[in-house]
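Listed below are the residues making up each chain.
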Amino acid sequence: MDKKLDKQVAVITGASSGIGAGCAKAFAEAGATVIVNYPRASSKPKADIIVNDIVSNGGKAAGYQCDVSKEDEVVKMFAEVVKQFGTVDILINNAGLQKDGKFTEMSLDDWNFVISVNLTGQFLCAREAIKEFLRRGDNGKSKSIGKIICMSSVHEVIPWAGHANYAASKGGIMLLMKSIAQEFAPNKIRINSIAPGAVKTPINEDAWDTKQDREKLLELIPYNRIGVPEDIAKAAVWLASDDAEYITGTTLFVDGGMTLYPGFVDNG
Ligand code: NAD
């Protein structure tokens with residue numbers, strides 16, 4: 001792969017599995033030093049596998065435990081990465097989870113849990129990343145002084161019954177992303193989102209693990225294929241590279257056409 005991100009330091013949250021792990025490998029292949037963030041000690045073995053895989057392929061990576069919903073942990077992670085690696089050039093705000101439930105039965109704890117990781121976690125990490133971009137300024141590694149990619153979802157625009165907390169977190173990410181993109185564009189900081197459709201990862205296993213589930217899911221995907229983490233990772237490398245220099249404040253949908261209202265194809 002072209003070393004489009006050579007010598008840049010990328011923090012990727014929630015990178016011990018799924019889309020984050022895919023991004024970690026692709027960013028390392030593109031020349032970045034990758035910080036493979038994971039939330040708790042029990043995720044360390046999986047993070048170690050990703051780090052070892054990158055290093056054995058000649059890339060640079062290190063694992064870092066931090067719960068992105070905890071302010072003190074996020075502040076410490078960025079401070080320690082800057083101390084050890086010199087700076088942060090790219091943040092992939094990827095960590096996310098679901099805690100689904102019928103709205104009338106959704107507890108405040110389940111609401112707060114999802115919002116605190118998916119939305120507050122992105123706020124905290126973006127804030128620390130932007131402070132570092134501004135402190136460091138132009139280091140000659142990229143035309144922008146820093147890049148952030150927020151992992152959103154097609155559910156930033158598609159309502160999702162039974163997942164109100166998740167959809168609200170992704171809708172919130174859209175305007176968080178746009179607001180900070182507007183605020184920091186004059187500083188040459190680029191902030192965008194990627195909105196994946198259905199990607200085969202642990203978060204949505206119940207939607208693709210049986211043949212019947214897969215067939216039902218494919219009805220929502222005009223391109224007729226379930227996505228894989230590499231589909232998202234390739235788009236993220238491009239969006240973080242100077243090839244996308246003039247792009248900020250936008251959401252790139254990587255969804256096989258899921259947002260094209262497929263139900264209307266023969267019924268509208
Ligand atoms: P995943 O479950 O494999 O990845 C989520 C990661 O976030 C896990 O590695 C998990 O350990 C980590 N995480 C959870 N809480 C955390 C915390 N407090 N601090 C740090 N890390 C934490 O699922 P995925 O599909 O790879 O999800 C990645 C992102 O992509 C999420 O934001 C998800 O909402 C988004 N997304 C996924 C899909 C899909 O179809 N898979 C579609 C749209 C959006």
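Refer to the preceding data block for the structure.
In this text, all values refer to a predicted model and were calculated from it rather than measured experimentally.

Chemist: So what's going on with the site of the ligand? Which residues, and what values?
Modeler: Of all residues adjacent to the ligand, which total 28 residues, the nearest are Ser17, Ile19, Tyr166, Val199 and Thr201. Here a nitrogen atom of the ligand and a backbone polar atom of Val68 are 3.0 Å apart. One of the backbone N or O atoms of Asn94 is found 2.8 Å from an oxygen atom in the ligand. Notes on the ligand: free accessible area 810 Å², of which the protein chains cover 93%. Secondary structure elements with two or more residues in the shell around the ligand: α1 (18-29) and α5 (164-184). Among the residues forming the shell around the ligand, the class breakdown is 14 nonpolar, 12 polar and 2 charged.

Chemist: Account for the pattern of salt bridges, naming residues and giving values.
Modeler: Across all of its chains, the model carries 13 salt bridges by this definition. Lys70 serves as the salt-bridge partner of Asp67, at 3.2 Å between the closest nitrogen and oxygen. Across the salt bridge formed by Glu128 and Arg127, the nearest N and O atoms sit 3.1 Å from each other. Overall, the relative accessible area of 9% leaves Glu128 in the buried class.

Chemist: Explain the sheet that holds strand β6 (residues 189-196) to me, and be specific about the residues and the numbers.
Modeler: If you walk across this open sheet you meet the 7 strands as β3-β2-β1-β4-β5-β6-β7, and the pairing is parallel. The sheet terminates laterally at β3 (60-65) and β7 (251-254), the two strands that pair on one side only. Neighbour to neighbour, the strand axes of the sheet diverge by 20 degrees on average, direction disregarded. The sheet contact formed by strand β1 (residues 9-12) and strand β2 (residues 33-38) spans 4 bridges and is parallel. Bridged to Val9 within β2 is Thr33.

Chemist: Describe the side chain of Thr251, with residues and values.
Modeler: Counting through the fold element by element, Thr251 comes out in strand β7. A distance of 3.0 Å separates a polar atom in the side chain of Thr251 from a polar atom in the side chain of Glu156. In contact with Thr251, not counting residues within four places along its chain, are Glu156, Met177, Ser193 and Ala195.

Chemist: Got a sec to walk through the packing of aromatic side chains? Specific residues and values, please.
Modeler: Going through the model one piece at a time under the given rule, you end up with 2 aromatic pairs. For the ring pair Trp160 and Tyr166, a centre distance of 5.7 Å and an interplane angle of 70 degrees mean the geometry is edge-to-face. Taking relative accessible area as the criterion, Trp160 reaches 29% and is therefore assigned partly exposed. A relative accessible area of 9% means that Tyr166 is categorised as buried.

Chemist: Can you tell me about the nonpolar core, naming the residues and giving the values?
Modeler: By size, the foremost hydrophobic cluster in this structure holds 35 residues, and its most contacted members are Phe27 and Val34. Of all the elements in the fold, those that place two or more residues in this core are β1, α1, β2, α2 (44-56), β4 (90-93), β5 (146-151) and α7 (229-240). The contact partners of Val34, leaving out residues within four places of it in the chain, are Ala10, Ile12, Ala24, Phe27, Ala28, Lys60, Ala61 and Ala62. Counting residues in hydrophobic clusters, the runner-up holds 34 residues, among them Val9, Tyr64, Cys66 and Ala126.

Chemist: Just give me the short version of the environment of Ser43, but keep the residues and values in it.
Modeler: With respect to the helices and strands, the residue Ser43 is situated in the loop between β2 and α2. Relative accessible area serves as the criterion here: at 7%, Ser43 is assigned to the buried category. For the pair formed by Ser43 and Gln65, sequence separation is 22 residues and the distance between their alpha carbons is 8.6 Å. Among residues more than four places away in sequence, those in contact with Ser43 are Ser16 and Tyr38.

Chemist: Could you give an account of a negative patch on the surface, with specific residues and numbers?
Modeler: Taken together, Asp100, Glu205, Asp206 and Asp209 make up a surface patch of like negative charges. In this fold, Asp209 is placed in the loop between β6 and α6 (211-218).

Chemist: Could you give an account of α1, naming the residues involved and the relevant values?
Modeler: For α1, which comprises 12 residues, the first-to-last C-alpha distance of 17 Å matches the rise-based estimate of 16 Å (1.5 Å per residue) to within 8%. For α1, the buried fraction is high: 10 of the 12 residues fall into the buried class. Taken together, the buried positions of α1 are Gly18, Ile19, Gly20, Ala21, Gly22, Cys23, Ala24, Ala26, Phe27 and Ala28. In the segment just after α1, Gly31 is the residue with positive phi, at about 100 degrees.

How each quantity is defined
Residues numbered from 1 in each chain as written. Predicted model: local features only at pLDDT ≥ 70, side-chain atom pairs only at ≥ 80, totals over all residues. Heavy atoms only, no water. Near = heavy atom within 4 Å. Polar contact = N/O pair within 3.5 Å; in protein donor to acceptor, adjacent residues only side chain to side chain. Areas by Shrake-Rupley, 256 points an atom, 1.4 Å probe, with all protein chains shown as cover. Helix = DSSP H or I, 4+ residues; strand = E, 2+ residues; numbered from the N terminus. Nonpolar A, V, L, I, M, F, W, Y, C, P; charged D, E, K, R; others polar. Salt bridge = Lys/Arg side-chain N within 4 Å of Asp/Glu carboxyl O. Buried < 20%, exposed > 50% of the residue type's maximum accessible area, 1.4 Å probe, protein only. Pairing = 2+ DSSP bridges. Axes fitted to C-alpha atoms, helices over the stretch in contact; angles between N-to-C directions. Contact = heavy atoms within 4.5 Å. Phe/Tyr/Trp six-rings, centres within 6.5 Å; stacked < 30°, edge-to-face > 60°. Core = buried A, V, L, I, M, F, W, Y, C linked by side-chain atoms within 4.5 Å. Patch = residues over 30% accessible without salt bridge, like charges linked within 9 Å, V, L, I, M, F, W, Y side chains within 5 Å. Lys, Arg positive; Asp, Glu negative; His and termini not counted. Charge placed at Lys NZ, Arg CZ, Asp CG, Glu CD. Expected span 1.5 Å × (residues − 1).

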